[in-house]
Amino acid sequence: MNKARKELVKLLRGIHVVIEVLDARIPMASANPLLASMTKQLPIIKILNKADLAEKQTTQAWLSYFNTQSANICLLNGRDQPLPRESLLKSAYQLCEPRASQSRARQIVIVGIPNVGKSSILNQLTDRKLAKTGNEPAVTRRQQRVQLDENWYLIDTPGLLWPRLEDQGAAFMLACTGTIRNTAVEAEDIAWFIAEMLLKDHRHVLTRRYNIAGSVTQPEQLLRHIAEIRGSLGKGGHPDWHKTSELLLNDYRSGKLGNLSLETPPE
Ligand SMILES: Nc1nc2c(ncn2[C@@H]2O[C@H](COP(=O)(O)OP(=O)(O)OP(=O)(O)O)[C@@H](O)[C@H]2O)c(=O)[nH]1
Ligand SMILES: [Mg+2]
């Protein structure tokens, strides 16, 4: 991570526009404060990615929140609504008009936390499979530069996390969405966190997927119920907590619980 950070600092000297990729389900928790301080002087296009996994209404609220906050631009991307290259270029031109006299091409860098979809965006915008992608953090190991049009180059970078995750809520949300490996924050703790959150704010999805009774109000009860209906039981018929936690997390990550946003914009 430290090497990637140093390389990014060097790269930023020749950059004209930054694309900051955020997870539409957690636009705040997926914003790296380290990146924010590194790219302060540059025009930024925020992309709320994986919008297909977030709640449409909440994502729209985030979009207007970010677009009224500053001169920067916020756009959406997701499997069900891929951002066209023309829209991205239009925003880049809007933020940084290349002067006719300026012969050197301009550069856009894609930055963001691991596994948020940076390389997928590069592939999508170039309509080619140039960058390796994969559903785990740290797939991209080095920067990759491709030409977007006659004026712009696009550069993919390795994901960057901040050195210390002090905000435990943010750390759990990053773990829920797959940015941090389970080993960094234990699966059972993450599952407990998401169970609490779902019981409080999205009870209907639990009823729909697991058919929970009204008496289920606590994370332990929910996990016990999932263990029973999915047969993830260990010795003596007791729930296998680890296996059950993975079941719940996989259901959330794969969208089987539906489109769920974990953060809403400030009032
Ligand atoms: N559902 C959904 N999945 C996406 C979307 N964009 C990317 N993904 C998936 O997210 C995972 C990570 O994508 P990558 O493009 O490799 O992410 P990255 O930010 O380049 O990751 P690192 O290089 O590891 O930092 C892959 O499994 C992608 O298929 C999207 O809009 N919706
Ligand atoms: Mg990548």
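Please read these numbers as outputs of a predicted model, since none were measured by experiment.

Some thoughts on the packing of aromatic side chains
Working step 1: This model, assessed by the stated rule, comprises five aromatic pairs.
Working step 2: Taken together, a centroid distance of 5.5 Å and an interplanar angle of 20 degrees make the contact between Trp-62 and Phe-66 stacked. Of this pair, Trp-62 and Phe-66 both sit in helix 3 (residues 56–69), four residues apart, roughly one helical turn.
Working step 3: Trp-62 sits in the buried class, given a relative accessible area of 1%.

Regarding helix 5 (residues 118–126)
Working step 1: Among the nine residues that make up helix 5, seven are buried, leaving the element largely enclosed by the rest of the structure.
Working step 2: Residues of helix 5 that are buried include every one of Lys-118, Ser-119, Ile-121, Leu-122, Asn-123, Leu-125 and Thr-126, and no others.
Working step 3: Buried positions along helix 5 lie against strand 1 (17–23), strand 2 (44–49), helix 4 (85–95), strand 4 (106–112), strand 5 (144–147) and strand 6 (152–156).
Working step 4: In the segment just after helix 5, Asp-127 is the residue with positive phi, at about 55 degrees.

Topic: helix 10 (residues 241–253)
Working step 1: If you check helix 10, its first and last C-alpha atoms are 18 Å apart, about what 13 residues at 1.5 Å a residue would give, namely 18 Å.
Working step 2: Every buried residue belonging to helix 10 is among Thr-244, Ser-245, Leu-248, Leu-249, Asp-251 and Tyr-252, and all of these are buried. Down the axis of helix 10, the buried set is contained in an arc of 160 degrees. They therefore lie on one face.
Working step 3: Buried residues along helix 10 sit in contact with helix 6 (168–177), helix 7 (187–201), helix 8 (203–210) and helix 9 (219–230).
Working step 4: Once helix 10 finishes, Gly-255 follows within two positions and takes phi at roughly 85 degrees, a positive value.

Quick word on the site of ligand 1
Working step 1: With respect to spatial proximity, 22 residues lie near ligand 1, and among them Lys-118, Ser-120, Ala-138, Val-139 and Thr-140 are the closest.
Working step 2: Note that an oxygen atom of ligand 1 is positioned 3.1 Å from one of the backbone N or O atoms of Gly-134.
Working step 3: Here an oxygen atom of ligand 1 sits 3.3 Å away from a polar atom, N or O, in the main chain of Asn-135.
Working step 4: For ligand 1, the protein covers 91% of the area, taking 660 Å² as the surface of the free molecule.
Working step 5: Counting atoms within 2 Å of the grid points, the majority share of ligand 1 lands in the largest pocket.
Working step 6: For the shell around ligand 1, the per-class residue count stands at six nonpolar, 11 polar and five charged.

Remarks on the coordination of the magnesium ion (ligand 2)
Working step 1: Summarising the metal site, the magnesium ion (ligand 2) is bound by the protein donors Ser-119 (OG) and Thr-140 (OG1), whose distances to it range over 1.9 to 2.1 Å. Of the two residues, Ser-119 is situated in helix 5 and Thr-140 in the loop between helix 5 and strand 5; the sequence distance between them amounts to 21 residues. As far as burial versus exposure is concerned, Ser-119 and Thr-140 are alike and both buried.

The rules we used
- Residues numbered from 1 in each chain as written.
- Chains lettered and ligands numbered in written order.
- Predicted model: local features only at pLDDT ≥ 70, side-chain atom pairs only at ≥ 80, totals over all residues.
- Heavy atoms only, no water.
- Phe/Tyr/Trp six-rings, centres within 6.5 Å; stacked < 30°, edge-to-face > 60°.
- Helix = DSSP H or I, 4+ residues; strand = E, 2+ residues; numbered from the N terminus.
- Buried < 20%, exposed > 50% of the residue type's maximum accessible area, 1.4 Å probe, protein only.
- Contact = heavy atoms within 4.5 Å.
- Expected span 1.5 Å × (residues − 1).
- Arc of directions from axis to C-beta.
- Near = heavy atom within 4 Å.
- Polar contact = N/O pair within 3.5 Å; in protein donor to acceptor, adjacent residues only side chain to side chain.
- Areas by Shrake-Rupley, 256 points an atom, 1.4 Å probe, with all protein chains shown as cover.
- 1 Å grid on protein atoms, 1.4 Å probe; cavity = no way out; pocket = protein on both sides within 12 Å on 5 of 7 lines; lining within 4 Å.
- Sits in = over half its atoms within 2 Å of the grid points.
- Nonpolar A, V, L, I, M, F, W, Y, C, P; charged D, E, K, R; others polar.
- Donors = N, O, S within 2.8 Å, 3.2 Å for Na, K, Ca; no water.

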